[in-house]
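What follows is the residue order along each chain.
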Amino acid sequence: QMPWQSSLGDRYLFAASLRGDAYWAKELALDAALGDSSPTKNATTARMMPQLSVNWSYPWVRNDPGVQYLIEPVAMFAAAPVTGRQSNIPNEDSLGFELNDANIMRPNRFPGLDRYDGGQRVAYGLNLGAYLAGGMSVRAFVAQSFSFQENRAMPIGSGAEDQRSDIVGRFVVSPSEYLDLLYRFRIDKDNFAPRRHEIGAAGGPSWLKLYGSYIFLDAPPNEPVTGKREEVALGASVRLN
């Protein structure tokens with residue numbers, strides 16, 4: 001990785017990576033969409049995955065009495081070989097992938113190693129913020145991505161299965177430095193129908209954090225088996241030393 005800042009104040013992060021994998025799979029379940037007659041197969045495969053990327057941001061800041069404003073356009077470009085379905089590799093660590101505000105600007109959006117985010121893609125978005133005295137702030141982020149070819153490794157309903165992705169974003173309101181109120185969303189790129197809602201709160205001093213959230217996921221289009229899902233999560237973290 002190589003960060004760089006121009007004389008105009010915009011920032012860049014250039015990155016290059018190379019990863020190699022080898023897999024041996026026994027009784028690997030086949031993809032029904034490929035029309036294979038037998039339900040399982042044995043497969044041995046290897047792959048080499050180079051990737052180049054650049055992240056760009058241009059923060060604009062304005063200071064007024066008692067408040068600081070931020071407007072920051074952001075963009076990312078990633079280039080790697082097109083990977084296809086990757087059907088000879090078992091998927092054990094990237095099954096739950098969903099496009100969201102946390103991974104849309106990453107060169108490789110998958111959380112694990114079994115699936116790789118190949119091809120060429122650009123992502124673009126906007127950060128907004130207002131920061132007040134006493135730790136109060138209001139922040140917002142919205143983004144979308146465009147792939148130059150279809151990524152067949154993306155799960156249907158993830159928001160990234162088409163070349164033009166769904167729109168993702170978040171709003172964060174912090175009444176004080178000890179409390180964050182969060183709303184995250186994903187909306188359909190074509191009809192702007194809501195696909196995902198998350199409402200959450202996190203608070204506490206630096207050594208003790210409590211958090212809770214409610215998540216609603218709409219049924220993926222053209223996928224009658226997978227219905228709507230709802231989830232409630234509660235948690236805490238403690239810094240012991």
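Look a little higher up for the structure.
Residues numbered from 1 in each chain as written. Predicted model: local features only at pLDDT ≥ 70, side-chain atom pairs only at ≥ 80, totals over all residues. Heavy atoms only, no water.

Caption draft 1: Quick look at the overall build of the protein chain. Looking only at helices and strands, the protein chain has 0 helices and 12 strands in total. Secondary structure of the protein chain in N-to-C order comes out as β-β-β-β-β-β-β-β-β-β-β-β. Overall, the C-alpha framework of the protein chain stretches about 70 × 45 × 45 Å when taken along its three principal axes. In the protein chain, which comprises 241 residues, the proportion classed as buried is 36%. Of the accessible surface of the protein chain, which amounts to about 14,200 Å², a share of 59% is contributed by carbon and sulfur atoms. Taken together, the 24 basic and 26 acidic charged side chains of the protein chain have centroids lying 2 Å from each other. (Helix = DSSP H or I, 4+ residues; strand = E, 2+ residues; numbered from the N terminus. Buried < 20%, exposed > 50% of the residue type's maximum accessible area, 1.4 Å probe, protein only. Areas by Shrake-Rupley, 256 points an atom, 1.4 Å probe, with all protein chains shown as cover. Lys, Arg positive; Asp, Glu negative; His and termini not counted. Charge placed at Lys NZ, Arg CZ, Asp CG, Glu CD.)

Caption draft 2: Focus on the side chain of Ser 137. Relative to the assigned elements, Ser 137 resides in strand E7 (residues 137-147). Take Ser 137: its relative accessible area is 6%, and that puts it in the buried class. At a separation of 2.5 Å, a polar atom in the side chain of Ser 137 contacts the side chain of Arg 139. Beyond its immediate sequence surroundings of up to four residues, Ser 137 is in contact with Ala 130, Tyr 131, Val 172, Val 173 and Ser 174. (Polar contact = N/O pair within 3.5 Å; in protein donor to acceptor, adjacent residues only side chain to side chain. Contact = heavy atoms within 4.5 Å.)

Caption draft 3: Quick peek at the nonpolar core. In this structure, Ile 104, Met 105 and Phe 141 are the most contacted members of the largest nonpolar core, which totals 15 residues. Those elements that provide at least two residues to this core are strand E5 (67-80) and E7. Excluding its chain neighbours within four sequence positions, the residues that come into contact with Phe 141 are Val 74, Asp 101, Ile 104, Met 105, Leu 126, Asn 127, Val 168, Gly 169 and Arg 170. (Core = buried A, V, L, I, M, F, W, Y, C linked by side-chain atoms within 4.5 Å.)

Caption draft 4: Representation of the packing of aromatic side chains in the model. Enumeration over the complete set of coordinates arrives at 9 aromatic pairs. When the centroid spacing of 5.6 Å and the interplanar angle of 90 degrees are considered together, the rings of Phe 146 and Phe 148 count as edge-to-face. The partly exposed category is assigned to Phe 146, whose relative accessible area is 31%. Aromatic ring contacts, followed pair by pair, group Trp 4, Tyr 12 and Phe 14 into a single cluster. (Phe/Tyr/Trp six-rings, centres within 6.5 Å; stacked < 30°, edge-to-face > 60°.)

Honestly, it's all geometry; don't read function into it.
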